[in-house]
Amino acid sequence: MYTTELGKVSPLQDGAQEDPERLAAFETRVAADEFVEPKDWMPQAYRRTLVRQISQHAHSEIVGMLPEGNWLTRAPSLQRKAILLAKIQDEGGHGLYLYCAAETLGTSREEMIDALHSGRAKYSTIFNYPTLNWADIGAIGWLVDGAAIMNQVPLQRTSYGPYARAMVRICKEESFHQRQGYDLLLALAKGTAAQKAMSQDALNRWWWPALMMFGPPDEDSPNSAQSIRWRIKRETNDQLRQKFVDATVPQAELLGLTIPDPDLNWNEQRGHYDFGAIEWDEFYAVVRGEGPTAKERITARRDAWANGAWVREAAAAFEAKRAARVAA
Amino acid sequence: MEYSLFRALTQLGDDSLILGQRLCEWCGHGPTIEVDLGLSNLALDLIGQATMLLDYAGELEGGGRDADALAFHRNAEQFANCLLAEQPNGDFARTVVRHLLFATYASALYEALTASPDARLAEIAAKAVKELRYHADFAADWAERLGDGTEESRARMAEALDWHWRFVNDLFHDDRDWAACAARGLVPLRQSLRYGFERDVSAILERAGLALPRKVWPIVGGRSGQHSEHLSVLLATMQVLPRAHPEAVW
Amino acid sequence: MYDWPLWEVFIRARGGLDHRHAGSVHAPDAHMALRHARDTYTRRLEGVSIWVVRSSDIVASDPAQDYSMFEPAASKIYRHPTFYVLPEAVDHM
C-alpha cells in the first residue's frame, strides 16, 4: 500500500543514533534482497537518501518535458507530433509515479516541488542543455533515454518496494522512447544533406552530456558504496557508463554518424571501448545551475506552478462547498 | 462535385488540427501535472482526428496530397478552421471555455455524422464522437469547478466566456460548401445544432453559477479563410520545418 | 503552495481479475481523482475499471506487530493440502 501518513515525523531525529540491533536486522533483510515497504522500520539515512534520489528522479522527468516540448509545436509531421506528445506525456506520468513513491516516505509532493523551485533539490543536468534543431529530439530519445534506461533497469530490483514498482512501470513504458528517437534519426540518415547535418550536430552536442548522466567517476562518488549495499543503486556509475558506450558506438555507425571523441577506440584486451576524458568541471557547473538553459527551465516550472495556484485553490474550494452542503 | 465534400472535410480536419496544436502549447506548463496529462490526452485525440480527416480530404481531392501536405503546406487563407480553435490559450479559464464551447458543439456534430451516408466519414465520426464526448465532459467538469470555486476563479471564467462568446456564430456558420454537403444529406446543417448547444451550455454554466453572455455582433470568416491575427503566427511555428525543407521526408 | 489531497488508485486490468493497486494521484475530489487516474494510469489500455480512495481513509496494519498479526497462521500447517499424506491410489484428491 502506498498510503502515507504525511506530517507524522519519526521520533528518531537526524543525527540520533540508530538502534544497532534494528539496524543490523535491516541490513540483513536488504542484503537478502527482501523489499522494504513504507511502514517498515528503516534507518533515517536510508529514508533521506531515498527521498533525495526519488525526488531528483521525479524532478528530472518533469523538467525533462521542457526541452522536448520546445519542438512539439514544430514537429515536422502529424505522426511525429503525436509520438512526441505521447512521449512527453509519459514523462509527466513517470514524474507522478515517482513523486507518489517518494511520498510514501513521509515527504509531501508540495515539499518536494518547493525544494525544486527554490533550487534546494537538483534534477538531471542533461535537461539544462538547449534543443537547437529537430534532430535533438532524436538524440534525446536515443542517447538520453538510452542512458536513463541503463540506470533504471537495475532499479526495478531496488530495495524500496514502491520505488521498485514505479520503476517496473516506467521501464515498461519507456521501451518505446529510445526506439522512437532512433527511428527519427534513421529517417534523417536516409534524408537530405541538411537532415544528415542536423543529426551530426545533435550528436556533437549531446554525446558528452549523455556520458555525464551516469554521474561522477566512482572514486568521486562517496555515497555509492552505501547505496549499493542498501540496494538503492545496483551498479556503479563507471560500470553503467562503459555499458552505455559499448552499446551506443555501433548504433552511431549504423546511422552514419561520428562520435565526437578522437580517443574512442575498441580495446581488444578489455573487450570494451576506451573513451576520452570527461570534462567534469562542466558537469559540476551545470549541477550548480549554470547550464545554458538552467534559468529558463526552472523559471518555466515555477511559472507553471504559480499560474496554476488559482486553479488548484478553486477546485479545492468547490469540493469544500460540496462537502459542506452534504454535511448540512 | 467532390469539391464541397473536400472543403467540408478540411473544415473538420482543420478544427481538430489547430485546436490540437494550441493544446500542445500547454505541455509542460499545466496547473498541475495531472491536468497537464489530461490536456495532452485531448491534444492526442485531436491530432489523430485531424490526420484521418485530412488524409480523407486529400484522397477525395485526388491531387496526391495527404494530411501532412495539407497541414504543413497551406497558407492561412487556405485553412478552413473556425475562429474559436485558433484563439490563444490564455489562462486555464480561457482554455476551458474554448474547449467547452468547441467540444459541446463538436460532440453533437460528430454524433450526427456517425449516421452520414458517406461510410468513411461515418467511420471517422464513430471514433471521434467517443473522444469528443469525453472532451465535453472534461471541460464541463472544469467549468463547474472554476465557476463555483473561488471569487478569483469565477471572475476569470466570466471574463473567458465574454472573451470567446463572439466566436460562437462562426462556429455554427454554414458556408456554401458545407450547405452543399448538407443538401446532399452528407452532413447536418450546423445551425440545426445551435439550439441544443445553447441549451447544454446554459445548463452547465448554470450549475457553475455563470450565465450565457448577451447576444453579440456575429463575426464569421474562419470557414472561408478570413481568420484572426493569430492563425498565421501559429502556422509559421507549426510549418517551419517542412517549409524550410520542402523535399525532406521526416 | 497548495496541492490537492492524495488518492490511492486501484485498476481492474480486464474482466475476471481483481482491482489491483496501481499508485496514487493528487486530485481535488473523487470525480477528478477518477479522471486523473485514467489519464495517469490507463494511457495504454491498462484497465476496464478504476477505484479511487482517499489515502488518509486507508487503515493499514502495523509491520511492527507482524509477529502477532501473521505468525500465528504459520503454525496451522493442517490448513494446507500437502499436510495429509494419502496412499498413492487416492493422492490426486
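Residues numbered from 1 in each chain as written. Chains lettered and ligands numbered in written order. Predicted model: local features only at pLDDT ≥ 70, side-chain atom pairs only at ≥ 80, totals over all residues. Heavy atoms only, no water.

## Notes on the overall build of chain A
What chain A contains, in helices and strands, is 13 helices and 2 strands. Computed over the C-alpha atoms, the radius of gyration of chain A is 22 Å, within 12% of the 20 Å expected from 2.2 N^0.38 for a compact globule of 328 residues. For the C-alpha atoms alone, the extent of chain A along its principal axes is close to 70 × 55 × 35 Å. Summarising the internal contacts of chain A: among those between residues at least 6 apart in sequence, 78% fall at separations of at least 24. For chain A, the accessible surface area stands at approximately 13,700 Å², while carbon and sulfur atoms represent 54% of it. If you average the places of the 38 positive and of the 43 negative side-chain charges in chain A, the two averages end up 7 Å apart. (Helix = DSSP H or I, 4+ residues; strand = E, 2+ residues; numbered from the N terminus. Rg over C-alpha atoms; globule rule 2.2 N^0.38 Å. Contact = heavy atoms within 4.5 Å. Areas by Shrake-Rupley, 256 points an atom, 1.4 Å probe, with all protein chains shown as cover. Lys, Arg positive; Asp, Glu negative; His and termini not counted. Charge placed at Lys NZ, Arg CZ, Asp CG, Glu CD.)

## Topic: the pairing of strand 1 (residues 6-12) of chain C
Residues and elements named next belong to chain C. Counting buried positions over the 7 residues of strand 1 gives 6, a clear majority of the element. Connecting strand 1 to the next strand, strand 2 (residues 19-26), in antiparallel fashion are 6 residues, including Gly-16 with a positive phi near 95°. Bridging between strand 1 and strand 3 (residues 49-54) involves 6 bridges; their strand directions are antiparallel. Bridging from a neighbouring strand, Val-9 pairs with Val-52 of strand 3. (Buried < 20%, exposed > 50% of the residue type's maximum accessible area, 1.4 Å probe, protein only. Pairing = 2+ DSSP bridges.)

## Here's the deal with the interface of chain C and chain B
Taken together, the 12 residues of chain C in the interface contact 12 residues of chain B. Summed over both sides, the interface of chain C with chain B buries roughly 1,200 Å², with 53% coming from carbon and sulfur. Counting across the chain C and chain B interface gives 2 salt bridges. In this structure, the salt-bridge partner of Arg-145 of chain B is Asp-29 of chain C, at a minimum N-O distance of 2.8 Å. In this assembly, chain C and chain B are joined by 8 residue pairs in polar contact (both at pLDDT 80 or more). When residues of the side of chain C that touches chain B are traced back to their parent elements, those giving at least two are strand 2 and helix 1 (30-41) of chain C. Top element by residues in the side of chain C that touches chain B is helix 1 of chain C. It accounts for 7 residues. Its residues assigned to classes, the side of chain C that touches chain B comprises 3 nonpolar, 4 polar and 5 charged. (Buried area = accessible area lost by both parts, 1.4 Å probe. Salt bridge = Lys/Arg side-chain N within 4 Å of Asp/Glu carboxyl O. Polar contact = N/O pair within 3.5 Å; in protein donor to acceptor, adjacent residues only side chain to side chain. Nonpolar A, V, L, I, M, F, W, Y, C, P; charged D, E, K, R; others polar.)

## Focus: the side chain of Ser-153 of chain B
Structurally, Ser-153 of chain B can be placed in helix 7 (residues 151-165). Reaching out from Ser-153 of chain B, the side chain makes a polar contact with the backbone oxygen of Leu-146 of chain B at a distance of 2.6 Å. Excluding its chain neighbours within four sequence positions, the residues that come into contact with Ser-153 of chain B are Trp-310 and Ala-314 of chain A together with Arg-145 and Leu-146 of chain B.

## What about the interface of chain B and chain A?
Taken together, the contacts link 47 residues of chain B with 45 residues of chain A. Both sides together, the interface formed by chain B and chain A hides about 3,900 Å², and carbon and sulfur atoms give 72% of it. On inspection of chain B and its partner chain A, the count reaches 2 salt bridges. Of the charged contacts in the structure, one is a salt bridge between Glu-34 of chain B and Arg-109 of chain A, with a shortest N-O distance of 3.0 Å. Elements supplying a minimum of two residues to the side of chain B that touches chain A: helix 1 (3-24), helix 2 (33-61), helix 3 (67-72), helix 5 (92-113), helix 6 (119-147), helix 7, helix 11 (230-238) and helix 12 (240-244) of chain B. The leading source of residues in the side of chain B that touches chain A is helix 2 of chain B, at 10 residues.

## Some thoughts on a nonpolar patch on the surface
Residue and element names in this part refer to chain C. Taken together, the side chains of Ile-77, Tyr-78, Phe-83, Tyr-84, Leu-86, Val-90 and Met-93 define a hydrophobic patch exposed on the protein surface, amounting to about 710 Å² of accessible area. Within the fold, Leu-86 resides in the segment after helix 3 (71-74). With relative accessibility at 33%, the residue Leu-86 sits in the partly exposed group. (Patch = residues over 30% accessible without salt bridge, like charges linked within 9 Å, V, L, I, M, F, W, Y side chains within 5 Å.)

## A look at the pattern of salt bridges
Scanning the model with the defined rule gives 43 salt bridges over all chains in all. Measuring nitrogen to oxygen at the nearest pair gives 3.8 Å for the salt bridge that ties Glu-2 of chain B to Arg-184 of chain B. Of this pair, Glu-2 of chain B sits in the segment before helix 1 while Arg-184 of chain B sits in the loop between helix 9 (176-183) and helix 10 (194-207), and the two are 182 residues apart along the sequence. One connected set of salt bridges, linked through shared partners, spans Glu-68, Lys-87, Glu-91 and Asp-145 of chain A.

## Description of the packing of helix 4 (residues 78-103) of chain A against helix 2 of chain B
Following both chains from N to C, one finds helix 4 of chain A and helix 2 of chain B inclined at 160°, their axes separated by 10 Å at the closest point. With respect to helix 2 of chain B, the axis of helix 4 of chain A lies roughly antiparallel. Taken as a pair, helix 4 of chain A and helix 2 of chain B cross one another with a handedness that is left-handed. In this structure, helix 4 of chain A uses Leu-78, Lys-81, Ala-82, Leu-85, Ala-86, Gln-89, Gly-92, Gly-93, Leu-96 and Tyr-99 of chain A to contact helix 2 of chain B, whose residues at the interface are Ile-33, Glu-34, Leu-37, Ser-40, Asn-41, Ala-43, Leu-44, Ile-47 and Thr-51 of chain B. Residues belonging to the contact of helix 4 of chain A with helix 2 of chain B are distributed by class as follows: 11 nonpolar, 6 polar and 2 charged. (Axes fitted to C-alpha atoms, helices over the stretch in contact; angles between N-to-C directions. Parallel < 35°, antiparallel > 145°, perpendicular 65-115°, else oblique. Left-handed = near helix turned anticlockwise from the far one by under 90°.)

## Regarding the sheet that holds strand 2 of chain C
All names here are of chain C. Read from one edge to the other, the open sheet built from 3 strands follows the order 2-1-3, with strand pairing classed as antiparallel. Strand pairing shows two members of the sheet lacking a second neighbour, strand 2 and strand 3, which therefore form its edges. Here the strands of the sheet are splayed against their neighbours by 30° on average, with no regard to which way each runs.

## Quick look at the confidence of the model for chain A
Residue and element names in this part refer to chain A. Mean pLDDT over chain A: 91, with 95% of residues reaching 70 or higher. Across chain A, element-level confidence peaks in strand 2 (residues 272-274) with a mean pLDDT of 98 and bottoms out in helix 9 (residues 224-229) with 82. Segment residues 1-14: pLDDT under 50, and 32 contacts once partners within four positions in sequence are set aside and those in other chains are kept. (pLDDT = per-residue confidence, 0-100.)

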